[in-house]
Amino acid sequence: MSKKYRLFGKIPVVDIIIVLLLCAVFGFAVWVLTRGSVQEQTGSSAQVNEYPFTATFLLERTGSEYTKLIEKGDKLYTDKGIYFGTVESVKTEPCIEYAFDSASGKEIGTVMPGQSSVTLSVTGKATASDSKGTFIGTRRLSLGSQFNVSSEKYFWSMRVIDLEVGK
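Everything in this summary refers to the structure shown in the same document. Computed from a predicted model, the values in this text were never measured in an experiment.

Description of the side chain of Thr62
Next, step 1: As for its position among the elements, Thr62 is in strand S3 (residues 50–63).
Next, step 2: Leaving out residues up to four positions away in the same chain, Thr62 has contacts with Thr67, Gly114, Gln115, Ser116, Val118 and Trp156.

Here you go:
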């Protein structure tokens, strides 16, 4: 065996370069995958301002018996357990499904028996950035988006139908 291209006459230089290259790729991958969680763990995200917000959530087509679970004053949490607001008002209405009637050319609404639609008005604190939008924890809050909302009594996916963020 030739001792040419070996470190100290024993270790091939090509092997050392390959090991260093693999370590660099692994280090870069770890850095890319963990940089957001590092901010949360070190508290650097605590420097971001909190803004008061008022949001209106809509829960469509739920059983009428479940609407009794929602009350004014309920504390609401995200699916990750982050507290974000308090229910200020609850409005329950019968669930109406609309379908197109080909004979008359109009939309006809039908009340769905045993189902209701619930509208919640919620106030709370959000983390907001002008360039990125409004966030609660790491979850973006925007009009039309589905948002998982829970309290000690329920867990539902609701749609955001109105949002006002204070400065």
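Let's talk about the environment of Lys80
Next, step 1: Inspection of the secondary structure puts Lys80 in the loop between strand S4 (75–77) and strand S5 (83–101).
Next, step 2: A sequence separation of 59 residues divides Lys80 from Arg139, and the C-alpha atoms of the two residues are 9.6 Å apart.

Concerning the pattern of salt bridges
Next, step 1: Across all of its chains, the model carries 5 salt bridges by this definition.
Next, step 2: One salt bridge in this structure joins Lys153 and Asp74, with 3.4 Å as the shortest N-O distance. With Lys153 in the loop between strand S9 (146–150) and strand S10 (155–165) and Asp74 in the loop between S3 and S4, this pair connects stretches of sequence that are 79 residues apart.
Next, step 3: The class for Lys153 is partly exposed, based on a relative accessible area of 39%.
Next, step 4: The closest approach of N and O atoms between Lys91 and Glu93, which form a salt bridge, is 3.3 Å.
Next, step 5: A residue is classified by how much of its surface remains accessible, and Lys91, at 48% relative accessible area, is partly exposed.

Conventions used here
- Residues numbered from 1 in each chain as written.
- Predicted model: local features only at pLDDT ≥ 70, side-chain atom pairs only at ≥ 80, totals over all residues.
- Heavy atoms only, no water.
- Helix = DSSP H or I, 4+ residues; strand = E, 2+ residues; numbered from the N terminus.
- Contact = heavy atoms within 4.5 Å.
- Salt bridge = Lys/Arg side-chain N within 4 Å of Asp/Glu carboxyl O.
- Buried < 20%, exposed > 50% of the residue type's maximum accessible area, 1.4 Å probe, protein only.

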